[in-house]
Amino acid sequence: MNALGNDRVVEYVNEHFVSTYLKVGTFRVINGQKVGGNVASYFCLADGSVLHAVPGQVTADKFLNEARWAYEVRKAVLTKSTKLAEGTVDARKYRELMKQAHLERFNAEAGPRWGNKQSLPLNMPRTVSPQAQAHWLLATRPMAEIDDIYPRVWTQILREELSLRPVEKAQ
Amino acid sequence: MSYSESSARKPIPTGILVTKASKPAPPDKKLVPRRKDGDERSLPWLYIAVGGSVAWVVAIMTIALVAHSQPTEPAFGPVLANNGVPANPAQPEAFVPPEIDEFQKEPAPRKRGEGAPKLVRHLPPREDAPPELVVFPEDARPAAPAPKQALKKDVDRKAFADCEQIGTNVLFHKDPPAAFQRGREEKKIVFVVHLSGNFEDKEFT
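What you see is a predicted model; the values in this text were computed from it and never measured.

What counts and what doesn't
- Residues numbered from 1 in each chain as written.
- Chains lettered and ligands numbered in written order.
- Predicted model: local features only at pLDDT ≥ 70, side-chain atom pairs only at ≥ 80, totals over all residues.
- Heavy atoms only, no water.
- Phe/Tyr/Trp six-rings, centres within 6.5 Å; stacked < 30°, edge-to-face > 60°.
- Helix = DSSP H or I, 4+ residues; strand = E, 2+ residues; numbered from the N terminus.
- Buried < 20%, exposed > 50% of the residue type's maximum accessible area, 1.4 Å probe, protein only.
- Lys NZ or Arg CZ within 6 Å of the ring centre and 35° of its normal.
- Pairing = 2+ DSSP bridges.

## Some words on the packing of aromatic side chains
Next, step 1: What the rule picks out here adds up to nine aromatic pairs over all chains.
Next, step 2: Here Tyr12(A) and Tyr71(A) contribute two aromatic rings whose centre-to-centre distance is 6.4 Å and whose plane-to-plane angle is 85°, an arrangement assigned as edge-to-face. With Tyr12(A) in helix α1 (residues 7–16) and Tyr71(A) in helix α2 (residues 60–80), this residue pair connects regions lying 59 residues apart in the sequence.
Next, step 3: Overall, the relative accessible area of 12% leaves Tyr12(A) in the buried class.
Next, step 4: Taken together through their ring pairs, the aromatic side chains of Tyr12(A), Phe17(A), Tyr21(A), Phe43(A), Phe63(A), Tyr71(A), Phe172(B) and Phe191(B) make up a single cluster.
Next, step 5: Note that Arg68(A) overlies the ring of Tyr12(A), its terminal NZ or CZ placed 5.6 Å from the centroid.
Next, step 6: When the ring centre of Trp69(A) is taken as origin, the NZ or CZ atom of Arg105(A), which lies over that ring, is 4.9 Å away.

## With respect to the pairing of strand β4 (residues 189–196) of chain B
Sheet faces and side chains relate simply in a regular strand, where the side chains alternate between the two faces.
Next, step 1: The buried count for β4(B) comes to eight of eight residues, which makes it a mostly enclosed element.
Next, step 2: Both faces of β4(B) are covered, namely the face carrying Ile189(B), Phe191(B), Val193(B) and Leu195(B) and the face carrying Val190(B), Val192(B), His194(B) and Ser196(B).
Next, step 3: Relative to β4(B), strand β1 (residues 17–25) of chain A runs parallel, the two being bridged by eight bridges. Each residue of the ladder has a partner; that of Lys23(A), found in β4(B), is Leu195(B).
Next, step 4: Relative to β4(B), strand β4 (residues 39–44) of chain A runs antiparallel, the two being bridged by six bridges. When the sheet's bridge partners are listed, Val39(A) is paired in β4(B) with Leu195(B).

This is the structure we're talking about:
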């Protein structure tokens, strides 16, 4: 959680987000050394749909970039999908714009690929970064609920086990 | 004239008329004369190879025996004769080589991962070389560490995690549904951290 110790991160997160936490996995402490364990960050709407996910520990700068991206993308997508005269939000357009945003980020993170850049690989690519995998997941499941997203991030991207067991401390 | 009328005529032969092929010429009866065993041009290569090999072995063994039977003399000793008495009393004493020859001493074996020694080229100083940098004592001192973030103490511990315990000033709601409720009211994005271990225990985070 080094990123959250950064003053700029603290200021930005407290200003723009409402924060909470949840334990979904465990790890072991053997001879004072931490074995296993991980962290994942999600930026969600109030209804639980996931705007963005950051799997694993990242630096403060990286985290700040991702937090800003989530905030700015939400603002842009909400504006574009809102009928300004009536104030109603087109949910289908909202979802489609979020998909396009993640598709664009996936192509940027995964590097040059063969084929159409408007299409996604059928399966989650294994040779790209965890962040690119998260973008692939959110592009294939735009605006899915966090209960649908987090098990995939935790087990498929971070390769961790979902567990509610307490931390085991062994000598 | 109809088609049926024409078919009543004499049928057209379908075979192809060709002339009778002439008989192939008989093969030439002349045979290439075979070389006889006693021919002068045939060489006994087998005997030559075996004989040559034996000759090489004999020659090499002869050289080895001759070299082995030569008397060995000390490299730097005086020429001795008559039961070890020096032939020339004025001859200087024999040179005794040192026990450890510095020049022949083997270099210490390099440790694993240690690179080869660098070759230093002693070049004359360039005239247009920039002057050496002067390091001022105040610059040589290590930079002062960044001031540590002062953690908040006046947070509502019923609603938020203790900043001192989690090591950050980000206000984390203890209750996720309450955070989503507040996000709905304030129209804010909800930032959710999923983690292993106990968030409120530094050792188990």
